[in-house]
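This is what each chain is made of:
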Number of protein chains: 2
Amino acid sequence: MRKKLVTNVGQLVTPLGGKFRSGSKMSDLSVSEEVTILIERGVVAGIGESSDFSGARDEAEIIDAGGKPVLPGFVDPHTHFVFSGYRAKEFQMRLQGKSYEEIAREGGGIASSVASTREASFSRLKKESRKRLKSMVRFGVTTVEGKTGYGLDKETELKQLKVMRELGADTPLDIVPTFLGAHSIPPKYSDRREEYVNFVTEEVMPGAAEREAEFCDVFCDQGAFTVEESRQILTEGKKVGLTPKIHADEIAGTGGAELSAEVDAISADHLLKASDEGLHLMKDRGVVAVLLPITAFSLKEDYARGRYMIDKGLPVSLATDFNPGSCFSESIPLLISLATLYMDMTVEETITALTLNAAAALDRADQIGSIERGKRADMIILDAPDYKHLSYHIGVNSVERVIKGGETIWKRPGPQF
Amino acid sequence: MRKKLVTNVGQLVTPLGGKFRSGSKMSDLSVSEEVTILIERGVVAGIGESSDFSGARDEAEIIDAGGKPVLPGFVDPHTHFVFSGYRAKEFQMRLQGKSYEEIAREGGGIASSVASTREASFSRLKKESRKRLKSMVRFGVTTVEGKTGYGLDKETELKQLKVMRELGADTPLDIVPTFLGAHSIPPKYSDRREEYVNFVTEEVMPGAAEREAEFCDVFCDQGAFTVEESRQILTEGKKVGLTPKIHADEIAGTGGAELSAEVDAISADHLLKASDEGLHLMKDRGVVAVLLPITAFSLKEDYARGRYMIDKGLPVSLATDFNPGSCFSESIPLLISLATLYMDMTVEETITALTLNAAAALDRADQIGSIERGKRADMIILDAPDYKHLSYHIGVNSVERVIKGGETIWKRPGPQF
């Protein structure tokens, strides 16, 4: 693998204040002008002035950044990208004001995704999921978390994990698999909740751990799993090596934030209704708050209290929540617009949330999420004069080149005129 | 120019109910499956089944739509894309809650765009504007209106028009130029408003008409031009052949909607504070209501009453309002999301608003805005199983190919994996 030099970097923008940087703030970015970056074996080997690398220039492949901003590749730490079947009809019904119950009666809701995903062949599921990753790459995403949870049976949950493992091997992206067997109680278990929880922990979870799932997640909320059930699932997960994550306090404040601190979760996600006390506990335990504003936009709900959490010192991350139901969107530009316009986060905090803190939510802050010596050379070049255009250019993708492990995996072309 | 056949069209989606279709509604779309489209000399020459065109197949260039939806190219009937200088700093100040006055004191506001646009050389202004058109094309836009108004002096207003004329010739897009000399009162005229209005009508307007401006627009609102001043400007414009358009009732309901009906404007735009009476008069005169929800999103204002207007029978269109200040966004996907999620417009109405009614707002509904025999072959192919994904796929661009006058002007590539 040839050395590479990223030359003519107009702004090298990288977060200083992430979860693991005590004494620094999420708003602390390092912005250096006229920088050159040396990449060796897919890793950042040096950052300096052009003259520092004159020796390497002859042998290295040159990536000319054209005087533009270079940032770490974005990390999307909460998605459900492995599913089959679309729910456009249900989305229309929701726009018409139909209730969740009406939609469910018409065959919508999560049950519809579960049915299609069970039915889909492995190759079809993999093909559909791969296509979605391509769209994410265009938005500058270089690492993607993905959850199971559209199987709710052993075979399909493991099929989803296999899709993720193979896509991690077949594509240049890093795919981080999370086991979410406790996404919903399947209808046939509705009167036997305890049995389903035991099924998940005893029958499916060990296989999920073998299939290289890294995290165990649970939808802990009103109408989903109780705090007690969630505690059982996450505790059993830890025993087989799965680090806890929680869908917490989205619909009602049932105590998900508190539980995330109790079980030492790596992240608690959603948090629209999280209590002050729960957030305080999260802060003390260093649980990353993963906020999902596109879901709130899509469901026309209030946004999570991002400003409050940052002011209280929580490590805040942002993710798309890409899924076929509540949030069929992998749009990083929309995510940035919502965070900066509607959650009172600054563009600098938003960048940290999408890079270093997102990496922390996936236990990878030592490897990715910033452009520093020794970290993976995952970076994006923006077609903009300044990194602030990420928020100023509302809803428009500014990414013109995506570099993963030193290799260019996407470059935006034309049109030619 | 070779004949073309667009084959394997999964859904041919085209509006039936636009401004000029009495008895039809904006929600009326024609959706035909398994269609083939014949294009001759840049115009739709036939629509039918594959077998209808077996004779043409040998000589024609084949454009395989891959079973996907094909729609008319989008028309963006309200933009300010010809400017120099960005206002990202001002956007940050606004996010921090700084007032309009504070921003103006720091050198922001429209005065900043006027200064940069005056200063920019013709070639620089053209280059910057051309780049913005490329971004619009990626969103499926094939016809763009553009306004002057960042000159407010004769030389720069005409420079903006010349940029648009040359870009209309140099690029495949249709560029529709609007003269907006009455965008703002320049500071040096602040005590001599009447003199500025006379300057615009007597000194600049005749040159604008010679430079092929088609429309005359005025920012009729509180803090901008009064109804009386606007009437004078639009009436003088008509005398030199410029059809009236109005920025109406955005900040306050000063009577812009009423004036648009009185002067037979082709459109009244913004309309956040338009009165019921004004809207009623617009309906009677067939004035198109051009709504600009991304501006409201960007300024955190309420949205215009799109649902009410449609229910009252007004022809409603949507536009981006792309400009460097209040709305630095040319994002059609965001526009669609806001219309469908936050303005209670259906996806079908939104499509009509962005095609046939947008064409009507530019007096071109006989040439573009739908896919019909005899109309320009301006169309887009979506990378989606159904046209409803335009709203379901929130904030994400579904356009994978853009055809203008029968020629493919953009095709979305990879990434390859």
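The numbering scheme is per chain: residues are counted from 1 as the chain's sequence reads. As they are written, the chains are lettered A onward and the ligands numbered 1 onward, keeping that order. At least 70 in pLDDT is required for a residue's local features to be given in this predicted model, at least 80 for side-chain atom pairs to be given and counted, and no such filter applies to totals for whole chains, interfaces and linings, which use all residues. Note: side-chain values were computed over all heavy atoms of the structure, leaving out hydrogens and water.

Any pair of residues with heavy atoms lying within 4.5 Å of one another is described as a contacting pair. Each side of the interface is counted separately: chain B has 54 residues, and chain A has 54 residues. For any pair of parts, buried area is found by adding up, for both, the accessible area (1.4 Å probe) each one loses once the two are put together. Both faces considered, chain B and chain A share a buried interface measuring about 4,700 Å² in area, 66% of it formed by carbon and sulfur atoms. Sorting the residues of chain B by area buried against chain A places Phe328(B), Tyr392(B) and Phe417(B) first, and these three jointly supply 19% of that buried surface. The term salt bridge refers to a pairing of a side-chain nitrogen on Lys or Arg with a carboxyl oxygen on Asp or Glu at a separation within 4 Å. Of the charged contacts in the structure, one is a salt bridge between Lys131(B) and Asp383(A), with a shortest N-O distance of 2.8 Å.

What follows is about the domain arrangement of chain A. Residue and element names in this part refer to chain A. Where each domain starts and ends follows an automatic or database-derived domain assignment. For chain A, the assigned domains read domain 1 (4-72 + 370-411) and domain 2 (75-360). One C-alpha centre belongs to domain 1, the other to domain 2; they are set 29 Å apart. In this assembly, 30 residues from domain 1 lie in contact with 32 residues from domain 2. Of the roughly 2,500 Å² buried where domain 1 meets domain 2, counting both sides, 71% is carbon and sulfur surface. Linking domain 1 with domain 2 are 3 salt bridges. Polar contact is the term for a pair of N or O atoms within 3.5 Å; when the atoms are in protein, one must be able to donate a hydrogen and the other to accept it, and sequence-neighboring residues count only if both atoms are side-chain atoms. Connecting domain 1 to domain 2 are 8 residue pairs in polar contact (both at pLDDT 80 or more). Contributions of two or more residues to the side of domain 1 that touches domain 2 are made by strand 5 (69-72), helix 15 (389-392), strand 15 (399-404) and strand 16 (407-411). Strands are runs of DSSP state E lasting at least two residues, helices are runs of H or I lasting at least four, and both sets are numbered from the N terminus onward. Considering each element in turn, the side of domain 1 that touches domain 2 owes the most residues, 4 residues, to strand 15.

What follows concerns the environment of Gly256(B). Residues and elements named next belong to chain B. Secondary-structure assignment places Gly256 in helix 8 (residues 256-262). Distance in space between the C-alpha atoms of Gly256 and Gln160 is 25 Å, their sequence separation being 96 residues. Not counting residues up to four positions away in its chain, the partners in contact with Gly256 are Cys220, Ile246, Ala248 and Asp249.

Together, Glu33(A), Glu34(A), Glu49(A) and Asp52(A) make up a region of like negative charge exposed at the surface. You can see Glu33(A) is positioned in strand 2 (residues 29-40). For patches, a residue must show more than 30% relative accessible area and have no salt bridge; joins then use 9 Å for like charges and 5 Å for nonpolar side chains, namely Val, Leu, Ile, Met, Phe, Trp and Tyr. Where accessible areas are quoted, they stem from the Shrake-Rupley method and a 1.4 Å probe; at the residue level, only the protein chains shown are allowed to cover. When charges are counted, neither His nor the chain ends are considered; positive counts come from Lys and Arg and negative counts from Asp and Glu. The atoms used to mark charge sites are NZ of Lys, CZ of Arg, CG of Asp and CD of Glu.

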